[in-house]
Structure formats: C-alpha cells, structure tokens
Amino acid sequence: MSEGTMQRRAQRDDQPEMRTKRPQRAARLNRVLVCAAAVPVMLVAAGCSSSDSGSDDQAKAGSGASASSSSSSASASPTVQAAAYAKLPQACGVLSNKTLQDLVPKGTKGKEGSSGDLATRASCSWNSLDNKGVKGSQFRWLNVSLLRFESDVSRGSGNEQAHAYFLKQVQEAKSTTGAKNTASQPVAGTGDEATTVRYDLKKKEGDFKQQTVVARVENVVVTLDYNGAGLAGDKAPDAGELTKAAEQAVKEAVASVSSANGDGGGTGGGKAPASPSAPSASASKPASPSASASKSASPSASAAKKD
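Residues numbered from 1 in each chain as written. Predicted model: local features only at pLDDT ≥ 70, side-chain atom pairs only at ≥ 80, totals over all residues. Heavy atoms only, no water.

**Notes on the overall build of the protein chain**
Selection rule: Numbering goes from the N terminus for both helices and strands, where a helix is a DSSP run of H or I of at least four residues and a strand is a run of E of at least two. Remark: exposure states derive from per-residue accessible area (1.4 Å probe, protein chains only) relative to the maximum for the residue type, with buried under 20%, exposed over 50%, and partly exposed in between. Residue contacts are defined here by distance: any two heavy atoms, one from each residue, within 4.5 Å place the two residues in contact. Only the protein chains shown count as covering a residue, and every accessible area follows the Shrake-Rupley method with a 1.4 Å probe.
Secondary structure assignment for the protein chain yields 6 helices and 7 strands. In sequence order, the secondary structure elements of the protein chain are arranged as α-α-α-β-β-β-α-β-β-β-β-α-α. Counting all 307 residues of the protein chain, 37% fall into the buried class. Here the analysis covers contacts within the protein chain between residues at least 6 apart in sequence; of these, 63% occur between residues at least 24 apart. As displayed, the protein chain offers around 17,000 Å² of accessible surface, 52% of which is attributable to carbon and sulfur atoms.

Here is the structure:
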C-alpha cells in the first residue's frame, strides 16, 4: 500500500463523523445485551404470576363447585308430609249392630269384598229383603268402601291424594247414568269433608232411591252407598229417611277409621288441601254400588244396578 493511500485512510478514521458513530454503536450493543438478559427474568416472573393466578382460580372454582355440590345435595332430597293414618279398620265392623238393624234389618251379616291389601283398601256389603207376601217387599242394599292413600314424593301427600279421590267419587255419583232428581249437599261434622249425593233410579223391579255419601278423614276416603226400593207392588221408601240414615252411618264409619289408628276424635277438622295431586295410580276404585249389587245372591239386588 502506498503512503498516500494509508494517509487517506488515517484521515478518514480521524474524521469527526467516524469518531461519533463508534460510541453510538457501542451504546446500542450494550442496550441489546441488557434487554436480552432481562427477557428470561421477565418470562420467569410472568410464568410465576400466571401459575399463581391459575392456582387461585382453580381454588376459587373448586370452592364454588363444592358449594354448588352441597346446595344440590341439600335440594336433592324433597320431603312430603307423612300420612296420618297407617291402617284401616275391618270393613264389616265399621258399623254397629244397631245401625245395621236400622239400615238392613233382614241382612246384618256383611260380605267382605276382595282386596290384595286390607291396610290400603277394604269394603263390605249387606242386603236385606223384607218380604211381606202379597203386600210386596222392601229391599235395601248397603256398601261401605274404604281407601287409604300413602304419602309419596312424586304423587303428593296422602291427604292431597285422598282429597282428589274424594272429589272424583262425588263427581261420579252425580254423573250416574239414568239418575233422576239428582241433588247433593255437604255433611257437617263428618271427617275433614263429606258430601251426600242422592238420586232416583227407575227399574223394571221398582223405583230405587239411591244415597251415596263420600267422606274424607285425613288420608282415608269412606264411600257409603245405600239404596232402597219397594218391590212387588210395595211403595218406594222415603228418600229423606234413607239419606238421614246413610249420613249417620258414615259418621260412624269415619269414627272407626280414627279409632283403628289410635285417634279417639273421628271428626277430622282439617282443611281440604289447596293443591291436590292426582290419585295414586296403584289405588284402584272400590266397586260401585251398582256393580256390587249385581253380585248379591238375592235376585232383587240386581235391580239396583244399571241396565
């Protein structure tokens, strides 16, 4: 290299511009190194922060899930009011001999209805034929049915189910095919609620006077069917007298239900449930008075059933 060339390079290196750029490049390099060294520290800090935050969130979520689980467990066990009565009286023994003598004077021995569970449903029927020879005869037929409902979470309390069944029995009595002069009235002082439905049924054997009295005491429904007729030319019985006798008999049957469960009251006094459930599907309806009458050994008993 010639002396002149070396002199020119040295001159360029000694120029102020070159001297200024060197410190600037060094400063930039230092900043890059410092930033590079700081990045891992920041990442570690950020990672720790994220990890701590995740742990807190998981703890909060776990606490919330635990509370939710406890709440679900508490609400997963609904309850229903227990049924007041756990059994039924013997159906053929719910009426005294004196009452039976008044209602069915020639047939005080009852016939117990079939039942798969006497603690849930029971019935008994009586029929009487007072033959007066050429003056005709008087026929009477009496049936008492008892149906008890158990409390159930899905169907409601025993009282609610019994109330719904009570209403159904009353409505069916009012809707009897062929009934004439149908009338109904509440019965005071009989269980928690009671209603009498009375009507006339005209048959070829005679004019029948029918009384159906339905009463509910707690979770038990008592249905009493009583009818009478004058046969072979005898006059029809007085419907008012039959109704009075039937209502008195129902009071006695209701008291028997209470006594069988250790309750001496027998008059109830509770109010009808505000929101009754549908009757239990497993509780079958007791035989209607017409159907039961058709099973009687007496030919006159069939006169009480529907055509």
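Still more ground to cover, so stick around.
**What about the side chain of Arg216?**
The condition that has to hold: Counting of polar contacts relies on pairs of N or O atoms within 3.5 Å, with two restrictions inside protein: one atom must be capable of donating a hydrogen and the other of accepting it, and residues adjacent in sequence are counted only when both atoms are side-chain atoms.
Among the structural elements, Arg216 can be located in strand β6 (residues 206–217). On the basis of relative accessible area, Arg216 is assigned to the buried category, the value being 0%. Within the structure, Arg216 has its side chain in polar contact with the backbone oxygen of Glu218 (distance 2.8 Å).

**Let's talk about the sheet that holds strand β5 (residues 193–203)**
Which entries qualify depends on this criterion: Being paired, for any two strands, means DSSP has found at least two bridges between them. Between N-to-C directions, angles cover 0 to 180 degrees, with each direction set by a line fitted to C-alpha atoms, over the stretch in contact for helices.
Taken in spatial order, the 7 strands of this open sheet run β1-β2-β3-β7-β6-β5-β4, and their pairing is antiparallel. Two strands bound the open sheet, and with one partner strand each, they are β1 (111–112) and β4 (180–186). For strand β2 (residues 121–131) and strand β3 (residues 137–148), the ladder comprises 11 bridges, and the chain directions are antiparallel. Note that in β3 the partner of Ser128 across the bridge is Arg140. Running at roughly 30° to β6, helix α5 (residues 239–260) makes contact with β3, β4, β5, β6 and β7 (220–231) of the sheet.

**With respect to the state of the cysteines**
Threshold: Note on disulfides: each one is a pair of cysteine sulfur atoms within 2.5 Å.
Applying the stated criterion to the full structure yields 1 disulfide. The disulfide partner of Cys92 is Cys124, and the S-S distance across this bridge is 2.0 Å. Across the disulfide from Cys92 to Cys124, rotation about the S-S bond amounts to roughly 95°, and the bridge is consequently right-handed. With Cys92 in the loop between α2 (16–75) and α3 (97–103) and Cys124 in strand β2, this residue pair connects regions lying 32 residues apart in the sequence. Residue classification places Cys92 among the partly exposed residues on the basis of a relative accessible area of 21%.

**Some details on the confidence of the model for the protein chain**
Any region with low pLDDT has predicted coordinates that should not be read closely. We apply this condition: pLDDT is a per-residue confidence score from the predictor, ranging from 0 to 100.
Confidence in the prediction for the protein chain averages 76 pLDDT; 61% of positions are at 70 or higher. Put simply, helix α6 (residues 289–293) is where the protein chain has its lowest mean pLDDT, 38, and helix α4 (residues 158–174) is where it has its highest, 98. Between residues 32–50, whose pLDDT stays under 50, and residues either more than four places distant or in other chains, the model counts 0 contacts. Every residue in residues 275–307 scores below 50 in pLDDT, and together they form 73 contacts with partners more than four places removed in sequence or on other chains.

**Points about the nonpolar core**
The cut-off we apply is this: Within this scheme, the nonpolar core is defined by two criteria: the residues are buried Ala, Val, Leu, Ile, Met, Phe, Trp, Tyr or Cys, and they are joined through side-chain atoms within 4.5 Å.
With 30 residues, the main nonpolar core has Leu95, Trp126, Leu142, Val144, Leu146, Val222 and Leu224 as its most contacted residues. Of all the secondary-structure elements, those providing two or more residues to this core are α3, β2, β3, β6, β7 and α5. The biggest single contributor to this core is α5, with 7 residues. Beyond its immediate sequence surroundings of up to four residues, Leu224 is in contact with Leu142, Asn143, Val144, Gln211, Thr212, Val213, Ala246, Ala249 and Val250. By size, the runner-up hydrophobic cluster in this structure holds 18 residues, among which are Phe139, Tyr165, Val170 and Val221.

**Re the pairing of β6**
Across the 12 residues that make up β6, a large majority, 11, are buried. Note that β5 and β6 share 11 bridges and pair antiparallel. Bridge pairing links Thr195 to Val214 in β6. The turn joining β5 and β6, which pair antiparallel and follow one another in sequence, is formed by 2 residues. In this sheet, β7 lies alongside β6 in antiparallel orientation, the contact comprising 10 bridges. Opposite Gln211, over in β7, you have Tyr226 as the bridge partner. Taking the residues between adjacent antiparallel strands as the criterion, β6 and β7 are bridged by 2 residues, where Glu218 takes a positive phi near 55°.

**Some words on the packing of aromatic side chains**
Note the cut-off: Aromatic pairing here means that ring centres of Phe, Tyr or Trp (its six-membered ring) are within 6.5 Å. Orientation follows from the plane angle: under 30 degrees is stacked, over 60 is edge-to-face, and everything else is tilted.
Applying the stated rule across the entire model yields 2 aromatic pairs. Residues Phe139 and Phe208 carry aromatic rings whose centres are separated by 6.1 Å and whose planes lie at 75° to one another, so their mutual orientation is edge-to-face. Within this pair, whereas Phe139 is found in strand β3, its partner Phe208 is found in strand β6, the two being separated by 69 residues in sequence. Across the pair, Phe208 and Phe139 agree in class, each one buried.

**Brief notes about unusual backbone geometry**
Here Glu218, not a glycine, exhibits a phi torsion of approximately 55°, which is positive. By secondary structure assignment, the location of Glu218 is in the loop between β6 and β7. Residues other than glycine seldom take positive phi values, yet Ala232 does so here, at roughly 55°.

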